[in-house]
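So you can see what is in the structure, the chains are spelled out below.
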Amino acid sequence: MYQEFYGLNQKPFSILPDPHYLYWGRSHSLAYSMLEYGVMNRAGFTVVTGEIGCGKTTLIRHLLDRLDEEYTVGLVSNIQDGDLLQWVLMAFGQPYEGKSHVGLHDELQQFLIREYAAGRRAILIVDEAQNLGPKLLEQLRLLSNINADNDQLLQLILVGQPQLKELLQAPELVQFVQRIASDFHLTPLSAVDVKEYIRHRLHVAGRDLPLFTEEACDRLFEASNGIPRIVNILCDTCLVYGFARMAPEINTGIVDEVIEDKRSHGIFDLGAARGLKSDGGKSGSPAAAPVEEPKREAPSLTVHDPELATSLFRKIHPSR
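An account of the accompanying structure is given in this report.

Structural notes on the sheet that holds strand β6 (residues 154–160)
For step 1, the next point in the chain: The strand order across the open sheet formed by 5 strands is β2-β3-β6-β1-β7, and the pairing between neighbours is parallel. Looking at which strands have only one partner, the edges of the open sheet turn out to be β2 (71–77) and β7 (180–186). Ignoring which end each strand starts from, the neighbouring axes of this sheet average 15 degrees apart.
For step 2, the next point in the chain: Sheet analysis places strand β3 (residues 121–127) next to β6, joined by 5 bridges and oriented parallel. Residue pairing in the sheet places Val126 in a bridge with Leu158 of β6.
For step 3, the next point in the chain: Across the sheet, helix α1 (residues 26–40) touches β1 (45–50), β2, β3, β6 and β7, and the angle it forms with β7 is around 165 degrees.
For step 4, the next point in the chain: Lying on the sheet, helix α3 (residues 84–91) is in contact with β2 and β3; it crosses β2 at an angle near 130 degrees.

Structure (structure tokens):
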């Protein structure tokens with residue numbers, strides 16, 4: 001809708017994990033380096049954790065794009081009820097139905113031996129690994145014991161939210177933790193990173209001219225707490241609002257309007273409201289009386305298509 005107006009080839013702030021838009025800030029660069037190190041050095045276990053929306057899945061997609069035919073990769077997300085071996089075999093595209101637990105183990109072992117004999121290395125990536133309990137993690141550790149001579153036949157990469165770190169600190173998982181050769185915790189973007197992140201995604205989408213003002217980027221950082229997915233959602237909405245006004249740039253007025261509307265009608269926790277002192281998002285309690293915001297006038301819609309202008313205005317102000 002707004003791409004042509006802002007000189008974009010595509011939507012720059014989609015929330016889908018697209019490796020082409022990956023921003024190499026310090027945290028993401030280090031996290032990927034640890035992932036790559038684990039793969040190249042045949043680490044038994046590699047663990048990457050991070051807050052929701054920080055870009056863990058995008059990093060995994062980038063890794064998958066770079067792996068050549070030497071690797072056979074199985075990806076499983078959100079393991080639920082059932083035999084763990086069934087999930088693992090399904091991830092590798094192997095038969096798993098109608099077999100006993102012993103039969104499943106033999107099927108996996110034979111598959112790994114075949115891959116090894118063919119000169120391929122098997123990697124299992126477990127996404128949303130924070131949902132695994134100690135029992136399933138211990139089963140994964142036992143799978144890592146399948147060896148051929150001095151070579152490990154199965155490498156495992158666990159990706160999860162911060163709860164995974166807490167889970168791995170349980171006393172009964174000491175043996176598991178000792179198998180982890182590479183790990184990293186992905187942190188949110190800094191204020192400087194958010195500005196560069198926005199510029200980077202606009203560049204990939206075809207625009208090099210500045211679009212978001214410096215102050216607008218600062219507001220977006222405050223509201224998103226540096227979470228890339230929230231930055232994307234806010235920026236995308238800002239472009240819709242800006243297009244509705246025919247605004248040549250996205251300034252603080254547009255950003256503040258988006259944030260206020262998201263707080264009033266949306267579902268995201270967008271940091272401390274302006275005029276309130278943030279306590280890290282723990283309580284949301286104001287440290288001082290809120291500063292009264294000046295009453296905003298309705299945006300001046302100059303979209304040439306009257307029907308489109310009316311539709312956009314109703315989306316921005318659904319109560320009117």
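Regarding the nonpolar core
For step 1, the next point in the chain: Ranked by internal contacts, the top residues of the largest apolar core, which has 54 residues, are Tyr6, Ile157, Ile198, Phe212, Leu239 and Ile250.
For step 2, the next point in the chain: Counting residues per element, this core draws most heavily on helix α10 (residues 228–245), at 10 residues.
For step 3, the next point in the chain: In terms of nonpolar packing, the next biggest core, distinct from the first, is built from 36 residues, Leu112, Ala122, Leu136 and Ile180 among them.

A word on the side chain of Ser182
For step 1, the next point in the chain: Structurally, Ser182 is set in strand β7.
For step 2, the next point in the chain: By relative accessible area, Ser182 is classed as buried at 1%.
For step 3, the next point in the chain: Here Met34 takes part through its backbone oxygen, which lies 2.8 Å from a polar atom of the side chain of Ser182.

Here we look at the packing of helix α9 (residues 214–224) against helix α11 (residues 252–265)
For step 1, the next point in the chain: Between α9 and α11, whose axes approach to 8 Å, the crossing angle comes to 20 degrees. When the axis of α9 is compared with that of α11, the two are roughly parallel. As α9 runs across α11, the sense of the crossing is right-handed. Residues Glu215, Ala216, Arg219, Leu220 and Ala223 of α9 form the contact with α11, whose own contacting residues are Thr252, Val255, Asp256 and Ile259.
For step 2, the next point in the chain: Here the residues of the contact of α9 with α11 are counted per class, giving 5 nonpolar, 1 polar and 3 charged.

Let's talk about helix α5 (residues 134–143)
For step 1, the next point in the chain: Buried within α5 we find Leu136, Leu137, Leu140, Arg141 and Leu143. For α5, the angular spread of buried residues about the axis comes to 160 degrees, placing them on one side.

Focus: the pattern of salt bridges
For step 1, the next point in the chain: Here the structure, examined in full by the defined rule, presents 12 salt bridges.
For step 2, the next point in the chain: Among the charged side chains, a network of salt bridges with common partners joins Lys195, Glu196, Arg199, Glu214 and Asp218.

What about the layout of surface pockets?
For step 1, the next point in the chain: Taken as a whole, the largest pocket spans an internal volume of roughly 450 Å³.
For step 2, the next point in the chain: In terms of lining residues, the largest pocket is bounded by 27 residues, among which Gly53, Gly55, Lys56, Thr58 and Arg229 are the most central.
For step 3, the next point in the chain: Looking at the lining of the largest pocket, the elements with two or more residues in it are α2 (56–66), α8 (191–204) and α10.
For step 4, the next point in the chain: Its residues placed into classes, the lining of the largest pocket shows 11 nonpolar, 10 polar and 6 charged.

With respect to the packing of aromatic side chains
For step 1, the next point in the chain: What the rule picks out here adds up to 7 aromatic pairs.
For step 2, the next point in the chain: Between Phe92 and Phe111, the aromatic rings sit 5.1 Å apart at their centres with planes inclined by 40 degrees, giving tilted as the arrangement. Linking Phe92 in the loop between α3 and α4 (101–117) with Phe111 in helix α4, this pair joins segments that are 19 residues apart in sequence. Across the pair, exposure class does not vary: Phe92 and Phe111 are buried alike.
For step 3, the next point in the chain: One aromatic cluster is present, built from ring pairs that chain together Phe5, Tyr6 and Phe243.

Structural notes on α3
Along an α-helix, residues three or four positions apart point the same way, because every turn accommodates 3.6 residues.
For step 1, the next point in the chain: For α3, the buried fraction is high: 6 of the 8 residues fall into the buried class.
For step 2, the next point in the chain: The set of residues buried in α3 consists of Leu84, Leu85, Trp87, Val88, Leu89 and Ala91.
For step 3, the next point in the chain: Residue Asp83 occupies the N-cap position of α3, its side-chain oxygen lying 2.9 Å from the main-chain nitrogen of Leu85.
For step 4, the next point in the chain: Positive backbone phi, approximately 70 degrees, marks Gly93, located one or two places after α3.

Thresholds applied
Residues numbered from 1 in each chain as written. Predicted model: local features only at pLDDT ≥ 70, side-chain atom pairs only at ≥ 80, totals over all residues. Heavy atoms only, no water. Pairing = 2+ DSSP bridges. Helix = DSSP H or I, 4+ residues; strand = E, 2+ residues; numbered from the N terminus. Axes fitted to C-alpha atoms, helices over the stretch in contact; angles between N-to-C directions. Contact = heavy atoms within 4.5 Å. Core = buried A, V, L, I, M, F, W, Y, C linked by side-chain atoms within 4.5 Å. Buried < 20%, exposed > 50% of the residue type's maximum accessible area, 1.4 Å probe, protein only. Polar contact = N/O pair within 3.5 Å; in protein donor to acceptor, adjacent residues only side chain to side chain. Parallel < 35°, antiparallel > 145°, perpendicular 65-115°, else oblique. Left-handed = near helix turned anticlockwise from the far one by under 90°. Nonpolar A, V, L, I, M, F, W, Y, C, P; charged D, E, K, R; others polar. Arc of directions from axis to C-beta. Salt bridge = Lys/Arg side-chain N within 4 Å of Asp/Glu carboxyl O. 1 Å grid on protein atoms, 1.4 Å probe; cavity = no way out; pocket = protein on both sides within 12 Å on 5 of 7 lines; lining within 4 Å. Points joined across faces, edges and corners; volume = space filled by probe spheres on them. Phe/Tyr/Trp six-rings, centres within 6.5 Å; stacked < 30°, edge-to-face > 60°.

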